[in-house]
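Chain residues, written in single-letter form:
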Amino acid sequence: MCRGSIVGVCYGRNADDLPTPDKAVDLIQQHNIKYARIYDANIQVLKAFANTGIELMIGISNSDLLPFSQFQSNADTWLKNNILPYYPATKITYITVGAEVTEAPNNESALVVPAMHNILTSLKKLGLHKKIKVSTTHSLGVLSRSFPPSAGAFSSKHALFLKPLLEFLAENQSPFMIDIYPYYAYRDSPSNVSLDYALFQSSSEVIDPNTGLLYTNMFDAQIDALYFALMALNFRTIKVMVTETGWPSKGSPKETAATPDNAQIYNANLIRHVINDTGTPAKPGEDVDVYIFSLFNENRKPGLESERNWGLFYPDQTSVYNLDFSGRGAVSNGTAGGFNGTTKTWCIASSNATQLDLQNAVDWACSTGNVDCSPIQPSQPCFQPDNLASHASYAFNAYYQQNGATDIACTFGGTGVRVDKDPSYDNCLYMTAGTNKTGASNITAMTSSSSKTSSSSQNLAGKWAYSLILATLLRLLC
């Protein structure tokens, strides 16, 4: 039986505020994620994954390639000390030898294939070479041309590296691992790439003039470009695996597409696309295994603001935005554990939200969202404490309960989180779904909220309305 395509998550740790590996693995399990990628072989992380059943991809960093490529004994020792003590309790299925070496400042590509051979030899000695596959990851920069997909070609400057690598992959039935980011294609060339095409939302099709194949999203086009590049070199049996893809939820002022809504739309559509096993236009029905980058926001990553905001979760384990890894429902949001249908829940402001985002969200909820915000006005029961987070929490919850307490109703552009502890205090009562409570006792009749909807909150309203409609349609389709 074919297992079908899988969706996993990349667990990067380039941050100084992350939860312990045990808590991170608990979070992965709570969201029913069965596949994960780490970038090293950290002992504490390997122990945390033990007896979970999660299939784990581990890595050897570029800085460690030299000793692995030089001596077989180094590979033997590493495997004996770093893998065997934890395997098979920790279900290691892939070892990546180096990562995007052609993009590294010190091009170490000549070291990759010798290191891969040594690792494979060590695995063969232990009889594990059929259970643990060896490969290496690449950026799309390994191609010199990717459009149209049928013209996909590898860069000639990497020829000496690629020929023995592809021979290794074909001989050992290992996948070609690629990191694909339609976000960058759109960000760097918005005049040539439409946002809808990058987000799996295009209503039109891009035609490959050489094959007549029709493409409705950039993800498929980039994968097919790689398949055509492989076929051009007569490697027709190597499968493509996407070891990183995703969308940032926040960016610098010029990175306007880096929003929670776009990140949610991209990843939700990606998951549906992958688990439906539709394949790509050039490879219909072909499995495409995908790992979403990344589990957490990583605050130590250099570069533009977006580089630190690819996470599905904040370090406190609350969701950055809604996402359902099964691809069947709208999504789950809020605290790490998730909630079942019988648990009473409330929606409050995320502690990670910025003041600007909270203000825009409150403005929207109190106007377009039709929330009665009189209880958070001066002299009313929910005015104190007089701070934006408290006022936003009341407004968010009122909207959430009025709209059926559904997961999507607590999105607010990534500023809302669900909790199962009643946030009511003193005379300020937070309503729950199905009640007629106004949310506060002894409320003085007031006119509609004095909050004014700014142009930015109107834009957010449009995005949230679109997100709600999209989620509803996707739920109905399933």
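Residues numbered from 1 in each chain as written. Predicted model: local features only at pLDDT ≥ 70, side-chain atom pairs only at ≥ 80, totals over all residues. Heavy atoms only, no water.

**Focus: the overall build of the protein**
Here comes step 1: The secondary structure content of the protein amounts to 13 helices and 14 strands.
Here comes step 2: Burial status across the protein gives 55% buried among its 478 residues.
Here comes step 3: Surface accessibility of the protein: about 20800 Å² in total, with carbon and sulfur atoms responsible for 51%. (Helix = DSSP H or I, 4+ residues; strand = E, 2+ residues; numbered from the N terminus. Buried < 20%, exposed > 50% of the residue type's maximum accessible area, 1.4 Å probe, protein only. Areas by Shrake-Rupley, 256 points an atom, 1.4 Å probe, with all protein chains shown as cover.)

**Re the environment of M241**
Here comes step 1: Mapped onto the fold, M241 is located in strand β11 (residues 240-245).
Here comes step 2: By relative accessible area, which is 3% here, M241 ends up buried.
Here comes step 3: The sequence separation of M241 and S5 amounts to 236 residues, and the corresponding C-alpha distance is 9.9 Å.

**As for the pattern of salt bridges**
Here comes step 1: With the rule as written, the count across this model stands at 10 salt bridges.
Here comes step 2: As a salt-bridge pair, D40 and R13 come within 2.7 Å of each other at their nearest N and O atoms. With D40 in the loop between β2 (35-37) and α2 (43-48) and R13 in the loop between β1 (7-10) and α1 (21-30), this pair connects stretches of sequence that are 27 residues apart.
Here comes step 3: When its relative accessible area of 29% is taken as the criterion, R13 is described as partly exposed.
Here comes step 4: Notably, a salt bridge pairs K239 with D287, separated by 4.0 Å at the nearest N-O pair. Within this pair, whereas K239 is found in the loop between α9 (218-232) and β11, its partner D287 is found in the loop between α10 (260-275) and β12 (290-293), the two being separated by 48 residues in sequence.
Here comes step 5: Residue K239 is classed as partly exposed on the basis of its relative accessible area, which comes to 35%.
Here comes step 6: Put simply, R37, D179 and E244 are held in one network by salt bridges that share partners. (Salt bridge = Lys/Arg side-chain N within 4 Å of Asp/Glu carboxyl O.)

**Some remarks on the state of the cysteines**
Here comes step 1: Tallied over the full model, the rule gives 3 disulfides.
Here comes step 2: Here C347 connects covalently by a disulfide to C410, the sulfurs 2.1 Å from one another. Handedness here is read from the sign of the S-S torsion; for C347 and C410, about 85°, the answer is right-handed. Pair noted here: C347 is in strand β13 (residues 346-349) and C410 is in the loop between α12 (388-402) and β14 (416-419), with a separation of 63 residues, a long-range link.
Here comes step 3: Accessibility expressed as a relative area gives 0% for C410, which makes it buried. (Disulfide = S-S within 2.5 Å.)

**Brief notes about the packing of helix α4 (residues 72-82) against helix α5 (residues 109-125)**
Here comes step 1: The interhelical angle for the contact between α4 and α5, taken along N-to-C directions, is 55°, at an axis separation of 8 Å. Relative to α5, the element α4 lies oblique. Crossing geometry of α4 relative to α5 is assigned as right-handed. On α5, the residues touching Q72, A75, D76, W78 and L79 of α4 are N118, I119, T121, S122, L123 and K125.
Here comes step 2: Residues of the contact of α4 with α5, tallied by class, amount to 5 nonpolar, 4 polar and 2 charged. (Axes fitted to C-alpha atoms, helices over the stretch in contact; angles between N-to-C directions. Parallel < 35°, antiparallel > 145°, perpendicular 65-115°, else oblique. Left-handed = near helix turned anticlockwise from the far one by under 90°. Contact = heavy atoms within 4.5 Å. Nonpolar A, V, L, I, M, F, W, Y, C, P; charged D, E, K, R; others polar.)

**Digging into α12**
Here comes step 1: Compared with the 21 Å implied by 1.5 Å per residue over 15 residues, the 21 Å span of α12 between its first and last C-alpha is a close match.
Here comes step 2: Buried residues dominate α12, accounting for 13 of its 15 residues.
Here comes step 3: Backbone nitrogen of A389 and a side-chain oxygen of the N-cap are separated by 3.3 Å at the start of α12; the cap is N387.
Here comes step 4: A positive phi of about 85° marks G404, the residue just after α12. (Expected span 1.5 Å × (residues − 1). Polar contact = N/O pair within 3.5 Å; in protein donor to acceptor, adjacent residues only side chain to side chain.)

**What about the side chain of N397?**
Here comes step 1: For N397, the position within the fold is in helix α12.
Here comes step 2: Residue N397 is classed as buried on the basis of its relative accessible area, which comes to 1%.

**A closer look at the layout of surface pockets**
Here comes step 1: Approximately 1200 Å³ is the volume attributed to the largest pocket.
Here comes step 2: Along its surface, the largest pocket is lined by 43 residues, and E100, S139, D179, Y181 and Y184 are the ones closest to its centre.
Here comes step 3: Each residue belonging to the lining of the largest pocket can be placed in one class, and the counts come to 19 nonpolar, 14 polar and 10 charged. (1 Å grid on protein atoms, 1.4 Å probe; cavity = no way out; pocket = protein on both sides within 12 Å on 5 of 7 lines; lining within 4 Å. Points joined across faces, edges and corners; volume = space filled by probe spheres on them.)

**Some remarks on the packing of aromatic side chains**
Here comes step 1: Per the stated rule, a full pass over the model turns up 18 aromatic pairs.
Here comes step 2: Geometrically, the ring pair formed by F293 and W310 is edge-to-face, given 6.4 Å between the ring centres and 65° between the ring planes. Of the two residues, F293 sits in strand β12 while W310 sits in the loop between β12 and β13, which places them 17 residues apart along the sequence.
Here comes step 3: A relative accessible area of 6% places F293 in the buried class.
Here comes step 4: Plain terms: the ring middles of F396 and F412 are 4.1 Å apart, the flat faces sit at 10° to each other, and that makes the pair stacked. (Phe/Tyr/Trp six-rings, centres within 6.5 Å; stacked < 30°, edge-to-face > 60°.)

**Describing the pairing of β1**
Here comes step 1: Neither face of β1 is open: one carries V7 and V9, the other G8 and C10, and all of them are buried.
Here comes step 2: By the bridge criterion, 4 bridges tie β1 to β12 in an arrangement that is parallel. Across the sheet, C10 pairs through a bridge with F293, a residue of β12.
Here comes step 3: The pairing of β1 with β2 spans 2 bridges and is parallel. Looking across to β2, one finds that V9 is bridged to A36.
Here comes step 4: Following the chain from β1 across α1 to the adjacent parallel β2, one finds a crossover that is right-handed. (Pairing = 2+ DSSP bridges. Right-handed = clockwise from strand over helix to strand, strands pointing away.)

**Focus: the pairing of strand β3 (residues 55-60)**
Here comes step 1: Counting buried residues in β3 gives 5 out of 6 residues, a clear majority hidden from the surface.
Here comes step 2: In this structure, β2 lies alongside β3, joined through 3 bridges in parallel fashion. Pairing of Y35 across the sheet is with E55, part of β3.
Here comes step 3: What joins β2 to β3 is α2, and the crossover it makes is right-handed.
Here comes step 4: In the sheet, β3 pairs with strand β4 (residues 92-99) via 5 bridges, with the strands oriented parallel. Residue pairing for β4: I58 is matched across the bridge by I95.

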